[in-house]
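Residues per chain, in single letters:
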Amino acid sequence: MDSQNFNFDIMFRSSTSKARLGRLLTPHGVVETPAFIFCATKAAIKGATPQNMRQENTQIILSNTYHLMLQPGLEIVAKMGGLHQFMGWDGPMLTDSGGFQIFSLGHGSVAEEVKGRRQSSRPKSLLNINEEGATFKSYIDGKRHTLTPEKSIQVQRALGADLIVVLDECTPFHVDKAYTERSMHMSHRWAERSLREFQKGPSGIQALYGITQGGVYPDLRKISADFVNTLPFFGHAVGGSLGANKAQMAEVIEMAMEPLDPSRPVHLLGIGGISDIFYGVQQGIDTFDCVHPTRLARHGGVLVPPVVWESLGEDPRKREHMNLRNARFREDPRPIDETCGCQTCQTMSRGYLHHLLKVGELLAMQLLTIHNVHFMNRLLTSIRQSLAMDRLEEEKKKWVA
């Protein structure tokens, strides 16, 4: 997996935790880590253009294999020059394997997180998971598809992202240990097949991440970590169920990280809360992805540091975002956050943004998305800067009440 186009250097290690400052080299540029990866699920950031993302100092984005293989299809994306050229993004990219979406759709919701207990009435589309792969019905036209480990790699090769991921089964938290163990071993066999398929292609164009499984069980997490450590993956991703609450998630992340090869970059799938990112960084996580910042913006929510809540006379421990739909902001002339340098905060008031949301103007989604993107990039920049000075815990107090 070695290539002059891909490299991961650890520039600094914290003296008080497992946090590290890294430099991830890809063919489309360098990612300074720890970093947040924004979700361009269907080859678009909802509410922002690639230019917006660059202006707000975004380093890397991801797109979704499952959705893009169904619409517009890998052949069209490949014919259009690959994902980078297709969507007009010239920076580093990651694609996931498609497994999470098959699981979440199969259990009733595109948006369902394997991290918790959410339920949905959406019709289930998963038909079967077996050794061959996962068979499902397209949510677009009802056609049957089977995604195998080989097919997942072939699709990701055609899409052309810098970093790609093996296919795995994402088990929900509520299944028992016996099911989790069987699923883990099948995902390991899928990982070996994914790797063999990946090795058939050209080198130096993409790098492959393995995924650790094992649910909430320490012995299974150890077995899975030992397994991926023995294979020549470029990096690792922590997958599967992370528990039913924040306390259990912290335990699972710790048990998953402890046995992993520390020389490889580690990605935490689907986590984007501010306090969760700080915890993950302190456990040695290098990159995070989540739809939370952009999804929140579409519903009128903006991410803010504790100082903003304090200026409103409220306890900042209650939440990490505020809802600009609330009537209290109707005549508020202040920006979202007076300490923020995003385009939205430099030009727009809370009162105006409240108005846009109440009348349903699409501009509101764009302006709030830009703010939340800037917030996350600002957060991760502050984490990297404080890490370089070995003052991460002190910096955390500015962001987490």
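Structure shown above.
Residues numbered from 1 in each chain as written. Predicted model: local features only at pLDDT ≥ 70, side-chain atom pairs only at ≥ 80, totals over all residues. Heavy atoms only, no water.

Novice: When you look at the pattern of salt bridges in this model, what are you seeing that I'm missing?
Specialist: Enumeration over the complete set of coordinates arrives at 18 salt bridges. A salt bridge links D276 to K246, with the shortest nitrogen-to-oxygen separation between them at 2.7 Å. Highlighted residues: D276 in helix 10 (residues 274-282) and K246 in helix 9 (residues 246-257), separated in sequence by 30 residues. A salt bridge links D261 to R264; the nearest nitrogen and oxygen atoms lie 3.5 Å apart. Under the relative-accessibility criterion, D261 is labelled partly exposed at 22%. (Salt bridge = Lys/Arg side-chain N within 4 Å of Asp/Glu carboxyl O. Helix = DSSP H or I, 4+ residues; strand = E, 2+ residues; numbered from the N terminus. Buried < 20%, exposed > 50% of the residue type's maximum accessible area, 1.4 Å probe, protein only.)

Novice: Before we go on, may I ask you to explain the packing of helix 15 (residues 362-388) against helix 16 (residues 392-399) in this structure?
Specialist: Packed helix pairs are characterised by how far apart their axes lie and by the angle those axes make with each other. One way to put it is that helix 15 packs onto helix 16 with a least axis distance of 8 Å and a crossing angle of 155°. As judged from the angle between their axes, helix 15 and helix 16 are roughly antiparallel. Here helix 15 runs over helix 16; the crossing is right-handed. On helix 16, the residues that touch F375, R378, L379, S382, I383, S386 and L387 of helix 15 are L392, E395 and W399. The class makeup of the residues in the contact of helix 15 with helix 16 is 6 nonpolar, 2 polar and 2 charged. (Axes fitted to C-alpha atoms, helices over the stretch in contact; angles between N-to-C directions. Parallel < 35°, antiparallel > 145°, perpendicular 65-115°, else oblique. Left-handed = near helix turned anticlockwise from the far one by under 90°. Contact = heavy atoms within 4.5 Å. Nonpolar A, V, L, I, M, F, W, Y, C, P; charged D, E, K, R; others polar.)

Novice: What is the right way to read the sheet that holds strand 2 (residues 20-26) from this model?
Specialist: Two orientations exist for strands paired in a sheet by backbone hydrogen bonds: parallel and antiparallel. Strand order in this open sheet of 3 strands is 1-2-3, and the pairing throughout is antiparallel. In this open sheet, the two edge strands, each paired with only one partner strand, are strand 1 (7-13) and strand 3 (29-33). Strand-to-strand twist in this sheet, taken as the mean axis angle between neighbours without regard to direction, amounts to 15°. The pairing of strand 1 with strand 2 spans 6 bridges and is classified as antiparallel. When the sheet's bridge partners are listed, I10 is paired in strand 2 with G22. Strands strand 1, strand 2 and strand 3 of the sheet are contacted by helix 15, whose axis makes an angle of about 120° with strand 2. (Pairing = 2+ DSSP bridges.)

Novice: Sorry, what's going on with the packing of helix 9 against helix 10 here?
Specialist: Packing of helix 9 against helix 10 brings their axes to within 10 Å, and their N-to-C directions diverge by 25°. One finds that helix 9 runs roughly parallel with respect to helix 10. Two packed elements cross with a definite hand, and for helix 9 against helix 10 that hand is right-handed. Side by side, helix 9 and helix 10 meet where K246, M249, A250, I253 and E254 of the first sit next to S275, D276 and Y279 of the second.

Novice: Would you mind showing me how to read the pairing of strand 11 (residues 207-212) here?
Specialist: A large share of strand 11 lies buried, amounting to 6 of its 6 residues. Where burial is concerned, the two faces of strand 11 agree: the one with A207, Y209 and I211 and the one with L208, G210 and T212 are both buried. Relative to strand 11, strand 10 (residues 163-165) is paired through 3 bridges, and the arrangement is parallel. Paired with L163 across the strands is A207, a residue of strand 11. With 4 bridges connecting them, strand 11 and strand 12 (residues 235-238) associate as parallel partners. Across the sheet, the residue bridging to I211 is A237, located in strand 12. On the question of chirality, the crossover connecting strand 11 to the parallel strand 12 by way of helix 8 (residues 218-230) is right-handed. (Right-handed = clockwise from strand over helix to strand, strands pointing away.)

Novice: Sorry, what's going on with helix 14 (residues 350-359) here?
Specialist: Since one α-helical turn is 3.6 residues long, residues separated by three or four positions face the same way. By the burial criterion, the buried members of helix 14 are R350, G351, L353, H354, L356 and L357. Positive phi appears at G360, one or two residues downstream of helix 14, with a value of about 75°.

Novice: I'm lost on the pairing of strand 3 in this one. Help?
Specialist: As paired strands, strand 2 and strand 3 are joined by 5 bridges and run antiparallel to one another. Looking at the pairing, L25 lines up with V30 of strand 3.

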